[in-house]
Amino acid sequence: MSPLAHQSARRVAVLGGARVPFARSDGPYATASNQEMLTAALDALVERHGLQGPGAVGEFVAGAVLKHSRDFNLARETVLGSALDPRTPAYDIQQACGTGLQAVIAAANKIALGQTESAIAGGADTASDAPLGVNDRLRRILLEARRAKTTGGRLKALAKVRPGHLVPDIPRNAEPRTGLSMGEHAAVTARAWGVSREDQDALAAASHQRLAAAYERGLFQDLVVPFRGLARDQNLRPGSTVEKLAALKPVFGLDAPGPTMTAGNSTPLTDGAATVLLASEEWAEARGVEPLAYLTAYETAAVDFAGGDVAGGEDGLLMAPAYAVPRMLERAGLGIGDFDLVEIHEAFASQVLATLAAWEKRGLAPVDRARLNVAGSSLATGHPFAATGARIVATLATLLAEREGPGRGLISVCAAGGQGVTAILERT
């Protein structure tokens, strides 16, 4: 029997977070790399929590979804370029849009098992600087030339290059199994669940209005650090209203009657990075730091979207949280009514509304909309894929802490590949 079988899990505290403002792709961060953005977020966290000393943090885990070959060992290279002790171990993780939350879970597990006392988790993504692949025909020719034993053989292989071979493979926002974009998948799900355009626009407008109000009352004072001229999320539109959003034309689901998804009720391509500091209670107490909240449960799930979504079923690409959350709540002995706050990643307004409907169909109580994404979410902030989970954890923990009493928050993040990552934060 493993020694860990005799070891009880420790509580994992969320102590703080830091991120750069999120920017629309091809904007202020167009020339910023994943490593540069992640380093800026990490340095802000290190400075705010005094983590510059030797061995201050046990580990750093982070990831990116859109990675260049230069992003090899991204987390470790970020540490080496940051104010954190260069002897801090680090490793990469990736689970599409669930990367940031999965990084938090990976770090939390080691703390819970006593394998480390503290860790930082996070993620970064740049849609502006997406990697371009070499045309596959050109790649084969170059490999043939490399394998050639003589100069003549190499020249013979290279002579096969034609102008068409020089056209790069442009990255597509499409699922390899279906060829459909995430937005096209979400449109199928919206039709399957009967999600209306009006409800989508109302949710999107609320996201912008709530994020603007959160900035105005100083919620992000200790969470967001200025970067490249931005002090707030660039996608934020404080004046968003249902009426203004209703004027936008649909951009997804145009192959069927009554399309409802627009650029206004869908997240834009975004650049950014976020980090979260986690630790044991003992580590926090020794440094006189009061935890914002505790990470008490987490669950992942996946759905067969390639069969269900394309066929018009309800188990669409972004619907795995419809299974992960009920399982997690059953294991924790909790219901929706036990949560003061609910954070659902807003990949699309339609996906949030479909998820809420699916939870009810699977026996959960309706979510009180006054408790849903109270400080706005991805529709307003934007969505750098790997950074979103860390953003949500830090924001929710801060929201729970400002309540100055016991509270509980639910996190639900959908991800490409038909996956979902969910978690529970509590403040006692």
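Sequence order as written defines residue numbering, which begins from 1 separately in each chain. Owing to the predicted nature of the model, reporting of local features is limited to residues with pLDDT of at least 70; listing and counting of side-chain atom pairs is limited to 80 or more, with chain, interface and lining totals taken over all residues. Heavy atoms from the whole structure form the basis of all side-chain values; hydrogens and water molecules are not counted.

Peer 1: Teacher, can you tell me more about the overall build of the protein chain here?
Peer 2: Per the secondary structure count, the protein chain includes 14 helices and 12 strands. The C-alpha atoms of the protein chain give a radius of gyration of 22 Å, which matches the 22 Å a tight globule of 428 residues would have. Based on the C-alpha atoms only, the size of the protein chain along its principal axes is roughly 75 × 60 × 50 Å. For each residue, the accessible area found with a 1.4 Å probe, counting protein chains only, is set against the maximum for its type, and the residue is called buried under 20%, exposed over 50%, and partly exposed in between. Counting every position in the protein chain, which comprises 428 residues, the buried fraction comes to 55%. By the convention used here, residues are in contact when the closest approach between their heavy atoms is within 4.5 Å. Nonlocal contacts in the protein chain, meaning residues at least 24 apart in sequence, comprise 80% of its contacts between residues at least 6 apart. Counted as positive: Lys and Arg. Counted as negative: Asp and Glu, with His and the chain ends omitted from the count. Positions of charges follow a simple convention, taking NZ of Lys, CZ of Arg, CG of Asp or CD of Glu. Across the protein chain, 42 positive and 45 negative side-chain charges occur, with their mean positions spaced 8 Å apart. The helix and strand labels rest on DSSP assignments: H or I over at least four residues marks a helix, E over at least two residues marks a strand, and numbering proceeds from the N terminus. Two things to know: the radius of gyration comes from C-alpha atoms, and the globule rule equals 2.2 Å times the number of residues to the power 0.38.

Peer 1: Even after reading the chapter, I still don't get unusual backbone geometry, so can you show me in this structure?
Peer 2: A negative phi angle is the norm for most residues apart from glycine, just as the trans form is the norm for most peptide bonds. Even without being glycine, Asp 26 reaches a positive phi, approximately 60°. Note on placement: Asp 26 falls in the loop between strand E2 (23-24) and helix H1 (34-49). Positive phi, close to 50°, is recorded for Ala 96, a residue that is not glycine. Structurally, Ala 96 is set in the loop between strand E4 (90-92) and helix H3 (99-112).

Peer 1: I keep staring at the environment of Gly 376 and nothing clicks. Help me out?
Peer 2: Secondary-structure assignment places Gly 376 in the loop between helix H12 (349-361) and helix H13 (378-381). For the pair Gly 376 and His 208, spaced 168 residues apart in the sequence, the C-alpha separation amounts to 6.1 Å. Excluding its chain neighbours within four sequence positions, the residues that come into contact with Gly 376 are Ser 207, Arg 210, Leu 211, Glu 343 and Arg 391.

Peer 1: What is the right way to read the state of the cysteines from this model?
Peer 2: In protein structure, a disulfide is the covalent linkage between the sulfur atoms of two cysteines. Only a pair of cysteine sulfur atoms within 2.5 Å counts as a disulfide in this structure description. Evaluation of the coordinates by the stated rule reveals zero disulfides. The cysteine Cys 414 is free of any disulfide, with Cys 97 supplying the nearest cysteine sulfur at 6.4 Å. Residue classification places Cys 414 among the buried residues on the basis of a relative accessible area of 2%.

Peer 1: I tried to follow H1 on my own but got confused; where do I start?
Peer 2: An α-helical turn contains 3.6 residues, so any two residues separated by three or four positions project in the same direction. By this rule the span expected of a helix is its residue count minus one, scaled by 1.5 Å. Across its 16 residues, H1 extends 23 Å between first and last C-alpha, which sits within 8% of the 22 Å expected from 1.5 Å per residue. The secondary structure elements touched by the buried residues of H1 are strand E1 (12-19), strand E3 (60-63), helix H2 (74-80), strand E5 (118-125) and strand E8 (270-280). Positioned one or two residues after H1, Gly 50 has a phi angle of 60°, which is positive.

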